[in-house]
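Working through the structure, step by step
Given next are the chains, with one letter for each unit.
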Amino acid sequence: MSEKKTERRDFLFTATAAVGAVGVGATVWPMIDQMNPDASVKALASTEVDVSSMNPGKTITVLWRGKPVFIRRRTPEEIDEARAVKLDDLKHPEKDEDRAKNPEWLVMLGVCTHLGCVPLDQKGDYNGWFCPCHGSHYDISGRIRKGPAPTNMEIPKYEFVNANTIKIG
Amino acid sequence: MSDHEYTPKSNFGKWFNDRLPLLTLANHLTDYPTPKNLNYWWTFGGILTFCLVTQIVTGLVLAMHYIAHADMAFDSVEHIMRDVNYGWLIRYIHANGASMFFLAVYIHIFRSLFYGSYKAPREIIWIIGIIIYLLMMAAAFMGYVLPWGQMSFWGATVITNLFSAIPLVGEGIVTWLWGGYSVDNPTLTRFFTLHYLIPFLILGLVVLHIWALHVPGNNNPIGIDVKKPSKDTVPFHPYIVIKDAFALLMFMIVFAFFVFYTPNILGHADNYIEANPLVTPAHIVPEWYLLPFYAILRSVPDKLMGVIAMLSAIFILAALPWLDTSKIRSAVFRPLYRQFYWILVADVLILGYVGAMPAEGLYLLIARVATTYYFLHFLVILPILGFKERTLPVPLSITEPVLGGSSNLAAARDDSRLEKLK
């Protein structure tokens, strides 16, 4: 091999490889993306819930995007309890004020952030939720207090359409 | 090996074999020289082939009646059980067949661990085996989802959520796996497709596994290199074929016992309740053959680290040929390794037991100790043992200690211990 010179052939190799890579990418991507949520799944993105019949201390579970959403109308004691917790005691520090804009209503995804089980209502060491799968304890604000879950239960996007109706999503 | 000299007797055979040497292959498989001291632990390769074929045949038939749809899957399985002619039998063979497959593969793996079958020059056989084992776990997991019972649904939820532990892209990957925002119909249909595909991938890998085996030939209970063919070998057919067939019959008795007498004992009662995304069963457990890894997952208090520990527990096996530094293959000549081997067996059984128990109190403590020991065995004990252990003298051939032509009495004694192992 003597002095290496860029020739027309080198240019052709590079150009062929580049076009080939783009072609392969463009072919493979639809094969991968077809597994993502389709239009019919995305269309079911919001749910409206009538909460007029709920008394304080009651939790209902509704299905949103195939996942359970807990809606709890909290008692004044529970609100006090949730707001009295110091942020230093929390694994994933979040103020209750940020989680429940209207303190009486806690709306959150009923999905344990560990591996996705549905926690049980009014169980566990912190008077909130308890996940039976791997033993995560959540408080009355749905914040992780003990166990393997890394974060608090998620708060979905929701709004009060009127005094009696919550729209999730 | 006499492969190259082989010529078929008939003219047609010659004509065909010149164009496609299938007869040469058949001849190789028949004459294949096999160490004459193989014991019954060596019959599980044949048993596993039987298991794979059984799963493919019964699975093919079940797929003719099963409907992969979230609204219909559960009912279609009950339809198979109640209406389809012999549907109950075929489904029970398929469901228990998975357990039998894993029972056989665990014996097969622990056979390799005892006799050092993973060591040079058989590393590639071993690694292909580990890949087959991983695919088996994937196939078994997805198959368990198909009846769409409560354990199917929540097992699928928990296992797919393992991927959410990956930083940044984890949630996106889980949504992609699900094809939605939770385990639902798109998940079921793709799992069915993959469950159908994987056994054929395994079949291809089994061919490579056997091909790689036929290059150096079988290991054997005393773990020495054998000259082939020689006094130390016998042809595969009829000697090994008959032995394998007899062991397979014994295995089929166990298999039939489960199918006909306790077809549901290895399953979980909750899976006869249709999947309900609003209620998690009080106690989620995987199938028995995944319990040790499940115990490792739960013994680590951090989500990402738990997932890493569980996966490492499997992948560490692939590195075994290099972690075990001992030049001696068989545990027969390794007095210390033999003891650590049995401790490891006990450790894995303990992990399996605590994996089935709630993750709290004493169970959690035991799981943590056992998990630590599991990694200690592979990462610390095995590498050091290769240098420190005083191994026993190894005979030069399989025949030597038996004929007494050797002054190596220690080797002869070891051979008598071998007899007991059989």
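Quick note: structure is the one above.
**So, a negative patch on the surface**
Residues and elements named next belong to chain B. Together, Asp71, Asp75, Asp184 and Glu274 give the surface a local cluster of negative charge. Position of aspartate 184 among the secondary structure elements: in the loop between helix H8 (170–178) and helix H9 (185–214). Assessed through its relative accessible area of 34%, aspartate 184 is described here as partly exposed.

**Some thoughts on empty space enclosed by the protein**
All names here are of chain B. Applying the stated criterion to the full structure yields two cavities of 30 Å³ or more. Of the volumes computed, that of the largest cavity is approximately 50 Å³. Around the largest cavity, the lining residues are Ala295, Arg298, Ser299, Val354, Met357, Pro358, Ala359, Tyr363, Leu364 and Ala367. Secondary-structure elements contributing two or more residues to the lining of the largest cavity are helix H11 (291–299) and helix H15 (361–388). Looking at side-chain class alone, the lining of the largest cavity contains eight nonpolar, one polar and one charged residues. Computed from the structure, the second largest cavity encloses a volume of approximately 30 Å³. Split into classes, the residues belonging to the lining of the second largest cavity amount to three nonpolar, two polar and two charged.

**Here's the deal with the packing of aromatic side chains**
Residues and elements named next belong to chain B. As enumerated under the stated definition, the model contains 35 aromatic pairs over all chains in all. Centroid distance tyrosine 66 to phenylalanine 192: 5.2 Å. Interplanar angle 45°. Geometry classified as tilted. In this pair, tyrosine 66 is assigned in the loop between helix H3 (44–63) and helix H4 (73–82) and phenylalanine 192 in helix H9, connecting sequence segments 126 residues apart. You can call tyrosine 66 buried: its relative accessible area is 11%. The ring of tryptophan 42 carries arginine 111 above its face, with NZ or CZ at 4.5 Å from the centroid. Geometry around tyrosine 40 places lysine 243 over its ring, the cationic atom sitting 4.7 Å from the centre.

**Description of the side chain of Arg122(B)**
Residues and elements named next belong to chain B. Counting through the fold element by element, arginine 122 comes out in the loop between helix H5 (87–115) and helix H6 (123–145). Of the side chains with opposite charge, aspartate 225 comes closest to the buried, unpaired arginine 122, at an N-O distance of 5.0 Å. Within the structure, arginine 122 has its side chain in polar contact with the backbone oxygen of glycine 217 (distance 3.0 Å). If we ignore the near neighbours within four places in the chain, the residues touching arginine 122 are Ser117, Pro216, Gly217, Asn218, Asn219 and Arg329.

**Points about unusual backbone geometry**
All names here are of chain B. Of note, the amide linkage connecting alanine 120 to proline 121 takes the cis form, showing an omega dihedral of 5°. By secondary structure assignment, the location of proline 121 is in the loop between H5 and H6. Residue proline 229 is reached from lysine 228 by a cis peptide bond, and omega for that bond is -20°. Mapped onto the fold, proline 229 is located in the loop between H9 and strand S2 (233–235). We note that tryptophan 148 has phi near 55°; this positive angle belongs to a residue other than glycine. Assignment of secondary structure puts tryptophan 148 in the loop between H6 and helix H7 (150–161).

**Examining the pairing of strand S4 (residues 105–109) of chain A**
Most of S4(A) sits inside the fold, with five of its five residues counted as buried. Side chains Trp105(A), Val107(A) and Leu109(A) project from S4(A) onto one buried face, and the interleaved Leu106(A) and Met108(A) project onto a second face that is buried too.

**What about the interface of chain A and chain B?**
Accessible area lost during the coming together of the parts is what is often quoted as the interface size. Listed as interface residues are 26 residues of chain A and, on the opposing side, 26 residues of chain B. For the pair chain A and chain B, the two sides together bury roughly 2300 Å², of which 64% comes from carbon and sulfur. The largest share of the area that chain A buries against chain B comes from Met35(A), Leu115(A) and His134(A), three residues that together contribute 28% of it. Taken together, chain A and chain B are joined by zero salt bridges. Our count for the chain A to chain B interface comes out at eight residue pairs in polar contact (both at pLDDT 80 or more). Looking at which element gives the most residues to the side of chain A that touches chain B, the answer is strand S2 (residues 58–64) of chain A, with three residues.

**Here we look at the sheet that holds strand S9 (residues 158–162) of chain A**
What links the strands of a sheet is backbone hydrogen bonding, and the strands pair in either a parallel or an antiparallel sense. Residues and elements named next belong to chain A. The three strands are arranged S1-S10-S9 in an open sheet whose pairing can be described as antiparallel. Among the strands making up the open sheet, the edge pair consists of strand S1 (47–50) and S9. The average angle at which neighbouring strand axes cross in this sheet is 30°, direction not considered. Pairing of S1 with strand S10 (residues 165–168), which is carried by four bridges, proceeds in the antiparallel orientation. Its bridge partner lying in S10, glutamate 48 is registered against lysine 167.

**Remarks on the pattern of salt bridges**
Per the counting criterion, the structure on display carries 14 salt bridges over all chains. Across the pair Lys146(A) and Asp125(A) runs a salt bridge whose closest N-O atoms are separated by 2.6 Å. Taken together, the residues Lys146(A) in strand S8 (residues 144–146) and Asp125(A) in the loop between strand S5 (120–123) and strand S6 (128–131) connect sequence positions 21 residues apart. A salt bridge links Arg334(B) to Glu389(B), with the nearest nitrogen and oxygen atoms 2.8 Å apart. Linking Arg334(B) in the loop between helix H13 (320–323) and helix H14 (335–355) with Glu389(B) in the loop between H15 and helix H16 (400–403), this pair joins segments that are 55 residues apart in sequence. Of the residues examined, Arg334(B) reaches a relative accessible area of 0% and is grouped as buried. A network of salt bridges, in which partner residues are shared, links Lys119(B), Asp324(B), Arg334(B) and Glu389(B).

Reading the values: rules and limits
Residues numbered from 1 in each chain as written. Chains lettered and ligands numbered in written order. Predicted model: local features only at pLDDT ≥ 70, side-chain atom pairs only at ≥ 80, totals over all residues. Heavy atoms only, no water. Patch = residues over 30% accessible without salt bridge, like charges linked within 9 Å, V, L, I, M, F, W, Y side chains within 5 Å. Areas by Shrake-Rupley, 256 points an atom, 1.4 Å probe, with all protein chains shown as cover. Salt bridge = Lys/Arg side-chain N within 4 Å of Asp/Glu carboxyl O. Lys, Arg positive; Asp, Glu negative; His and termini not counted. Charge placed at Lys NZ, Arg CZ, Asp CG, Glu CD. Helix = DSSP H or I, 4+ residues; strand = E, 2+ residues; numbered from the N terminus. Buried < 20%, exposed > 50% of the residue type's maximum accessible area, 1.4 Å probe, protein only. 1 Å grid on protein atoms, 1.4 Å probe; cavity = no way out; pocket = protein on both sides within 12 Å on 5 of 7 lines; lining within 4 Å. Points joined across faces, edges and corners; volume = space filled by probe spheres on them. Nonpolar A, V, L, I, M, F, W, Y, C, P; charged D, E, K, R; others polar. Phe/Tyr/Trp six-rings, centres within 6.5 Å; stacked < 30°, edge-to-face > 60°. Lys NZ or Arg CZ within 6 Å of the ring centre and 35° of its normal. Polar contact = N/O pair within 3.5 Å; in protein donor to acceptor, adjacent residues only side chain to side chain. Contact = heavy atoms within 4.5 Å. Buried area = accessible area lost by both parts, 1.4 Å probe. Pairing = 2+ DSSP bridges. Axes fitted to C-alpha atoms, helices over the stretch in contact; angles between N-to-C directions.

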